[in-house]
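This is what each chain is made of:
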Amino acid sequence: MTTASMAVADLLASEILTRLRILSHSFCITEGGSHGPDHSERVLHTALTMGERMGAALDILAPAALLHDIGRKEESSSRGRICHARRGAELAAPLLRALAYEEAAIEAICHCIGSHRFRGMVRPVTLEAKILYDADKLDSIGAVGIGRAFLFAGQVGARLHNPELDPAATSPYSLEDTAYREFRLKMSRVRDQMLTSVGREMAEQRHAFMQTFFDQLTRETSGVLP
């Protein structure tokens, strides 16, 4: 195990991260689906992997990753009137103070949280904020992204596959809101949104996998021979 990997392992096993994980899960458990605690855990591990390679401050990145979606419940209950990124940063500050984080660290962590949303008004400035932004987007593509897309399609009662339709002519939350529609309209564009070189590298690989998967799904559902 490399020195950097040992640092990540020690961080993941630390008491402070255990306490942060409990807090994160308490906020996100009711979201379930694509944004439950497992999402925050995946973003944490992806962000730390990226952070290792890029020399980021992992002690800033780890709490930001775990707490990045704690405002999502309020966004959902307000039907989008509340921005979960901005609200998450507001909620995170007192939680971090209670855990004895210094004010400079709190500011850095809250900037990451407040700027991680694609449609947010605050853009990521620091390396750690850019990594969190990319790690969050990476969780929406690749094998995990496909799984999340089918999970959502099942929740809204969409059918399995509809490549014969123009995705732009179909409606969200409908029978035609399939995983393939999500791929064409959203997931296929994520690789162009990456802010870091490592994020772009990972996004290209995940994008290629999605393309291969949906091509194979189309062949199978069309009865085309291999």
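What you see is a predicted model, and the numbers here were worked out from it, not measured in a lab. (Residues numbered from 1 in each chain as written. Predicted model: local features only at pLDDT ≥ 70, side-chain atom pairs only at ≥ 80, totals over all residues. Heavy atoms only, no water.)

Chemist: I keep staring at the packing of helix 3 (residues 37-54) against helix 11 (residues 197-222) and nothing clicks. Help me out?
Modeler: Pairs of packed helices are described in terms of their axes, by the angle between the two and the distance that separates them. Direction vectors running N to C along helix 3 and helix 11 enclose 130°, while the axes themselves pass 10 Å from each other. The orientation of helix 3 with respect to helix 11, classified from their angle, is oblique. Here helix 3 contributes Thr46, Met50, Arg53 and Met54 to the contact with helix 11, which in turn contributes Val198, Gly199, Glu201, Met202 and Arg206. Among the residues forming the contact of helix 3 with helix 11, the class breakdown is 4 nonpolar, 2 polar and 3 charged. (Axes fitted to C-alpha atoms, helices over the stretch in contact; angles between N-to-C directions. Helix = DSSP H or I, 4+ residues; strand = E, 2+ residues; numbered from the N terminus. Parallel < 35°, antiparallel > 145°, perpendicular 65-115°, else oblique. Contact = heavy atoms within 4.5 Å. Nonpolar A, V, L, I, M, F, W, Y, C, P; charged D, E, K, R; others polar.)

Chemist: Explain the nonpolar core here, please?
Modeler: Where a protein is soluble and globular, its nonpolar side chains tend to be buried together. Core analysis: the biggest nonpolar cluster contains 53 residues, and Leu20, Leu96 and Tyr101 have the highest contact counts within it. Among the elements that take part in this core, helix 4 (residues 58-67) stands out by supplying 8 residues, more than any other. Ignoring anything within four residues of it in the chain, the contact list for Leu20 reads Pro63, Leu66, Leu67, Leu96, Leu99 and Tyr101. (Core = buried A, V, L, I, M, F, W, Y, C linked by side-chain atoms within 4.5 Å. Buried < 20%, exposed > 50% of the residue type's maximum accessible area, 1.4 Å probe, protein only.)

Chemist: What should I look at first to understand unusual backbone geometry in this one?
Modeler: Outside of glycine, negative phi angles account for most residues, and trans bonds account for most peptide bonds. In this model, Ala100 sits at a positive phi of 70°, which is unusual for a non-glycine residue. Residue position: Ala100 is located in the loop between helix 6 (84-98) and helix 7 (103-114). On the accessibility criterion, Ala100 (64% relative accessible area) is exposed. Here the phi dihedral of Tyr173 falls at roughly 60°; this positive angle occurs in a residue that is not glycine. By secondary structure assignment, the location of Tyr173 is in the loop between helix 9 (142-156) and helix 10 (179-185).

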